[in-house]
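Analysis of the macromolecular model
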Amino acid sequence: MSTLAIQSRTLENTVTPRDSVQTMHLEQVRDRLLQRRDLQEPEDIHRSADQIHVDFTEPGRAKLHFINQGGLDEPMLLTETGLKQLGAHVLPNRGVSFLEDLAGLGEHGRKLATANWAMFSRELSDPRMVRTVKVRDPQTGEITRAVRSVMSQGYGTYDNVTLVEDLLNSVETRHLPVLAYQETDRGIRLRMALDGTEKMELDKPVRMLEAWNSEVGLRSAGIQGGIFKLWCTNGCGTWDKDGGVFRFVHRGDSARISKGITDGVGNIRVAASGVLDAYNQALGVAIDDAYLWLGQQLKGTLTRPQIQRAQAALNAPTSQPNLGTLAGVVDALTLSAQDESSMFAQSQMEQAASQVLRKGLNRAGNSRELKAAVAF
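A short tour of the structure in this document, coming up. All values derive from a computational prediction rather than experimental measurement.

A few words now on the overall build of the protein chain. In terms of regular secondary structure, the protein chain is built from ten helices and 13 strands. In terms of overall size, the protein chain behaves like a compact globule, its C-alpha atoms giving a radius of gyration of 23 Å where 376 residues would be expected to give roughly 21 Å. Seen along its three principal axes, the alpha-carbon backbone of the protein chain occupies a region of about 80 × 45 × 35 Å. Taking the contacts inside the protein chain whose residues are at least 6 apart along the sequence as the reference set, 66% of them involve residues at least 24 apart. Just so you have it, the protein chain exposes about 17600 Å², and 48% of that area is on carbon and sulfur atoms. Between the mean site of the 43 positive side-chain charges and the mean site of the 45 negative ones, the protein chain shows a separation of 4 Å.

Where charged atoms of side chains with opposite charge meet at close range, the side chains can pair. All chains considered together, the criterion is met by 24 salt bridges. Note that K111 and E107 form a salt bridge whose closest N and O atoms lie 3.5 Å from each other. Here K111 pairs with E107, and both are found in helix α4 (residues 107–121), just four residues apart, close to one helical turn. We classify K111 as partly exposed; its relative accessible area is 47%. Here D331 makes a salt bridge to K229, at a shortest N to O gap of 3.1 Å. Within this pair, whereas D331 is found in helix α9 (residues 326–336), its partner K229 is found in the loop between β12 (221–228) and β13 (245–248), the two being separated by 102 residues in sequence.

Looking now at the pairing of strand β11 (residues 206–213). Counting buried positions over the eight residues of β11 gives eight, a clear majority of the element. With burial as the criterion, each face of β11 is covered, one bearing V206, M208, E210 and W212 and the other bearing R207, L209, A211 and N213. Relative to β11, strand β10 (residues 188–193) runs antiparallel, the two being bridged by six bridges. If you follow A193 over to β11, its bridge partner there is M208. The pairing of β11 with β12 spans seven bridges and is classified as antiparallel. Within β12, the position partnered with W212 by the bridge is G222.

Here we take up helix α3 (residues 95–103). Those residues of α3 that sit buried are G95, V96, L99, E100, L102 and A103. For α3, the buried positions fall inside an angular range of 160° around the axis, keeping them on one side. Those residues of α3 that are buried are in contact with α2 (80–90) and α4.

On to unusual backbone geometry. Phi at E41 takes a positive value of approximately 45°, unusual for a residue other than glycine. Note on placement: E41 falls in the loop between α1 (26–40) and β2 (43–48). The phi dihedral of R94 falls on the positive side, at around 60°, and the residue is not glycine. With respect to the helices and strands, the residue R94 is situated in the loop between α2 and α3.

So, about empty space enclosed by the protein. This structure, assessed with the given rule, holds three cavities of 30 Å³ or more. The calculated volume of the largest cavity comes to roughly 60 Å³. In terms of lining residues, the largest cavity is bounded by I6, Q7, S8, T79, E80, T81, R148, D185, R186 and V216. Split by residue class, the lining of the largest cavity holds two nonpolar, four polar and four charged.

With that settled, consider the nonpolar core. Membership of the largest hydrophobic core comes to 33 residues, with the highest contact counts inside it found for L298, L326, V329, L333 and V356. Those elements giving two or more residues to this core turn out to be α6 (254–282), α7 (290–298), α8 (304–312), α9 and α10 (343–365). Every residue in contact with V356, bar those within four places of it in the chain, is listed here: W293, L294, Q297, L298, L326, V329 and L333. Counting 27 residues, the second-largest nonpolar core is a separate cluster that includes V164, I223, V265 and I268.

Time to look at the packing of α7 against α8. Relative to each other, α7 and α8 sit at 150°, their axes nearing to 10 Å. As far as their axial angle goes, α8 and α7 are roughly antiparallel. Between α7 and α8 the crossing geometry is right-handed. Between α7, through Y291, L294, G295 and L298, and α8, the contact on the second element is made entirely by I307, A310 and Q311. When its residues are assigned to classes, the contact of α7 with α8 shows five nonpolar, two polar and no charged.

Here we come to the environment of P92. Within the secondary structure, P92 sits in the loop between α2 and α3. With 106 residues separating them in the primary sequence, P92 and E198 have C-alpha atoms 55 Å apart.

Take A337: it is sitting in the loop between α9 and α10. Taking the C-alpha atoms as reference, A337 lies 25 Å from A364; in sequence the two are 27 residues apart. In contact with A337, other than residues within four places in its own chain, are Q346, M349 and E350.

Procedures and definitions
- Residues numbered from 1 in each chain as written.
- Predicted model: local features only at pLDDT ≥ 70, side-chain atom pairs only at ≥ 80, totals over all residues.
- Heavy atoms only, no water.
- Helix = DSSP H or I, 4+ residues; strand = E, 2+ residues; numbered from the N terminus.
- Rg over C-alpha atoms; globule rule 2.2 N^0.38 Å.
- Contact = heavy atoms within 4.5 Å.
- Areas by Shrake-Rupley, 256 points an atom, 1.4 Å probe, with all protein chains shown as cover.
- Lys, Arg positive; Asp, Glu negative; His and termini not counted.
- Charge placed at Lys NZ, Arg CZ, Asp CG, Glu CD.
- Salt bridge = Lys/Arg side-chain N within 4 Å of Asp/Glu carboxyl O.
- Buried < 20%, exposed > 50% of the residue type's maximum accessible area, 1.4 Å probe, protein only.
- Pairing = 2+ DSSP bridges.
- Arc of directions from axis to C-beta.
- 1 Å grid on protein atoms, 1.4 Å probe; cavity = no way out; pocket = protein on both sides within 12 Å on 5 of 7 lines; lining within 4 Å.
- Points joined across faces, edges and corners; volume = space filled by probe spheres on them.
- Nonpolar A, V, L, I, M, F, W, Y, C, P; charged D, E, K, R; others polar.
- Core = buried A, V, L, I, M, F, W, Y, C linked by side-chain atoms within 4.5 Å.
- Axes fitted to C-alpha atoms, helices over the stretch in contact; angles between N-to-C directions.
- Parallel < 35°, antiparallel > 145°, perpendicular 65-115°, else oblique.
- Left-handed = near helix turned anticlockwise from the far one by under 90°.

Interpretation in functional terms is not warranted from these geometric data alone.
Laid out in C-alpha cells, this is it:
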C-alpha cells in the first residue's frame, strides 16, 4: 500500500439485501456514472516521462508536475495506481517502495527521493497516456486534479459508461435487473439476474450475468456467466473455466470491445445454465471431512489466510443447509470471498470456488455410484 498517494476509494457498493430482493435498472447505473464523469472531468494527457517531475519534498505525499518551457505546471496528486504505474515505467523493480521509504527518513530523504526519480526519468522520451480526474484532496478537502493511471499510448480507452450503454443497447440485456453494482477507483462490476427476480429464494441460486471493466488498466473489460445466491448481504458467484468468459484487453479501437460484449451475451446464458446445473449436482456429493479437503484443494491457489477464512466459513449459518456436501464447500468459499478488500481479489476467490466445484464433480463422476452421494 502506497503511503504517499491517494488510496483506492469505494465509489458505489449497491447490492440487493438478503431479506428482500431490491434491484436497480441499468439506466440508473448509467446515470450515476454520467454524473460522476461530469464531476471528475476526466482528461488524458500525453507526455513522456522526461517531461514529468515527481516531487516528494512535501511530507506525506507525492505530487506530479508537467514540465513546460516556463518551468513546472500546477501540481497534481497521484492515486496509488497512478504512482505505481508511472513508477513501473521509470524506476527499477520495487523502486516506488524504496523512494517512499527514503522519503520517510525526513527532509533530506525527501530531497533524495525527488532527485532519484529525476535521474531515472531523464532519458525516457517515449510518450505515455496520463489519465487524470478531479478528486477531493483527502487532506485539505479541496477539489484538485489527480493522476489516476499511466498507460502506454497503445492503451485502448473503453470507459464504464460505454460498458453500461453497450448492455443497454443489447436486446438481451437492457432490461435485466441489476443485483449488484460495485465501483471503485480501480474498476466496476455489475451482476444481473438472467431470469428475473420473481422466483429468487434465499437458499436457491439463480443464473446471472456479470460485466466488469477497469478504466485504469488493472483488468480487461468482459462478461461471464455464473450463479448468484441470496445467502448474505452481498452477492456471490462462481464460474466454470469453460463457462463462457469473454475478455477484451484494452487495446485498439473500443468498437471492437463493444461488439464483443454484445455478441457474447447469448453464449453467457447457456454457460450460466451449466454452472447452475453443476451446483445442483454438487448438492448430492458428500464430503467426509470438508475442512481438510478444502485446504488440500486450495493449497497453492490461494494464500494461507484466504484458505483459513474459507475453512472458517464452513461453520457459518448460511453454509449449514448444505453442510457436508460439495455445494456447501462452494458456499463457504464464495462467502469468505466477501472479506477481500478489492473486487479483483474477491473474483480470484470465486474463481477458485469454480475450480473446487469442477474438481469435486470430476471425482464424483469417476465413482461407480454416480447417483449416490460420494464420500471423499
